[in-house]
Every structure is written in C-alpha cells, then in structure tokens.
Amino acid sequence: MKFKSLIAVICLIFIPVAGIAGSDSPEDAIQARQEIMKFIGSNMRSLGAIQRGQVEFEPAMTKSVGHAIHAMSLSLPFLFVEGSFDGDTDAKQEIMTSDGFGVHLNNLQNASLMLKNVANKDDFAVAFSQLGQTCSACHREFRK
Ligand code: HEC
C-alpha cells in the first residue's frame, strides 16, 4: 500500500459527516453510522498495514488517522437513536438502555486520541492494539 492511498482513505472518511446534520430519520441514522463504521474500518486496515510493516511508520500519518477516527467517533452518539434498531441494521436495541455502550464509545474516543500522540513504532503498536480492542469489545456486546 502506498502513502497516497492511505491519504485517500483519510480524506474519504470526512464525506459522511456532511450528511449527519440532515439525519433526522432512523433510516438516515442507520446509514450514516454504518458509513462511519466502514470508514473507521478502512482506516484500521491502513493502520494494520503499518503494524505489519507493509507501510513505513510515519508519526504525521498515524496522527492524522487517529485524528480522523476520533473526529468520526464524536458523531456516533447522535446516530444511535430510538427506532433505529429494526430493519437493515446490526445494532442491538440494548444500546438505548445500557450504560455499557457509552463506556465503549468513550474507550474508542480515548484510544483514537492516544494514536494521535504516538512518536515511535513501539508506542504505535500499543495504541493500535488498544484501539482494536475497543472495536471488538463493543461489537461483541452490541452488534448482532
Ligand atoms: C461503541 C460501540 C462500537 C465501537 C467502539 C465500534 N463499533 Fe463498529 N459497530 C458498532 C455497531 C453497533 C455496529 C452495527 C451498526 C449498524 O448496523 O447499524 C457496528 C458496525 C461496524 C462495521 C460494519 C459496518 C457496515 O454496516 O458495513 C464495521 C466495519 C465496524 N463496525 C468497524 C469498527 C472498527 C474498526 C472499530 C474500532 C476502531 C469499531 N467498529 C468500533 C459498534 C461499535
């Protein structure tokens, strides 16, 4: 993977944010959060390539990916709304009633912030692993 394609992913992930302001129906909320998750997922794959040594570690790059994931994660709380747990979604209804979801969301936000500040490959490995754990922990509990 080339540096350029990583940058393309970073740019792409800002696109759905524009749509969030208009997400007034449960269907819009479902679509927006799934798009955000997909773009977070693409960025995680780019980070995975760095972790495996396929792309050279570059602090400026991981900082911007961390920033992008963090920015995306900030909109997620507004996209799990009443009525958005039926139909074309894998999100569980319990999200509305459990405090756990907010905890996982916080962990995602904090771990992506941490990624913004890594200065070397070792610190990157720790931050990447912590970030990855936030995904699987929340998916295990709140994704169908
Ligand atoms: C706070 C909980 C939470 C965290 C943290 C979280 N996710 Fe998700 N994710 C979900 C839920 C809920 C869904 C199902 C959304 C839906 O279908 O409406 C989902 C769906 C997804 C999807 C499928 C999107 C689609 O419909 O195609 C991907 C990919 C994904 N997440 C990646 C990630 C990655 C990568 C991370 C970590 C960097 C992450 N998620 C962190 C809750 C979370």
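Presented here is a report on the structure given in the accompanying data block.

What counts, and where the lines are drawn
- Residues numbered from 1 in each chain as written.
- Predicted model: local features only at pLDDT ≥ 70, side-chain atom pairs only at ≥ 80, totals over all residues.
- Helix = DSSP H or I, 4+ residues; strand = E, 2+ residues; numbered from the N terminus.
- Buried ≥ 20, exposed ≤ 12 C-beta atoms within 10 Å, placed from the backbone.
- Contact = placed C-beta atoms within 7 Å.
- Near = placed C-beta within 6 Å.
- Nonpolar A, V, L, I, M, F, W, Y, C, P; charged D, E, K, R; others polar.
- Expected span 1.5 Å × (residues − 1).
- Arc of directions from axis to C-beta.

The number of helices and strands found in the chain is six helices and zero strands. When the helices and strands of the chain are placed in sequence order, the string is α-α-α-α-α-α. Expressed as a percentage of its 144 residues, the buried residues of the chain come to 26%. When contacts within the chain are restricted to residue pairs at least 6 apart in sequence, long-range pairs at least 24 apart make up 73% of them.

The full set close to the ligand counts 22 residues, and Q34, M37, G41, C135 and C138 are the nearest of them. Mapped onto the shell around the ligand, the elements with two or more residues apiece are α3 (26-51), α5 (100-115) and α6 (121-142). The element contributing the most residues to the shell around the ligand is α3, with eight residues. Its residues assigned to classes, the shell around the ligand comprises 12 nonpolar, six polar and four charged.

With 16 residues, α5 extends 23 Å from end C-alpha to end C-alpha; this agrees with the ideal 22 Å at 1.5 Å per step. Among the residues of α5, those classed as buried are F101, L108, A111, S112 and L115. With its buried residues spanning 100 degrees around the axis, α5 presents them on a single face. At its buried positions, α5 is contacted by α4 (59-75) and α6.

Here M114 is to be found in helix α5. When the 18 C-beta atoms within 10 Å are taken as the criterion, M114 is described as partly exposed. Sequence separation between M114 and H67 is 47 residues; the distance between their C-alpha atoms is 9.5 Å. Setting aside residues no more than four positions away along its own chain, M114 makes contact with A127 and Q130.

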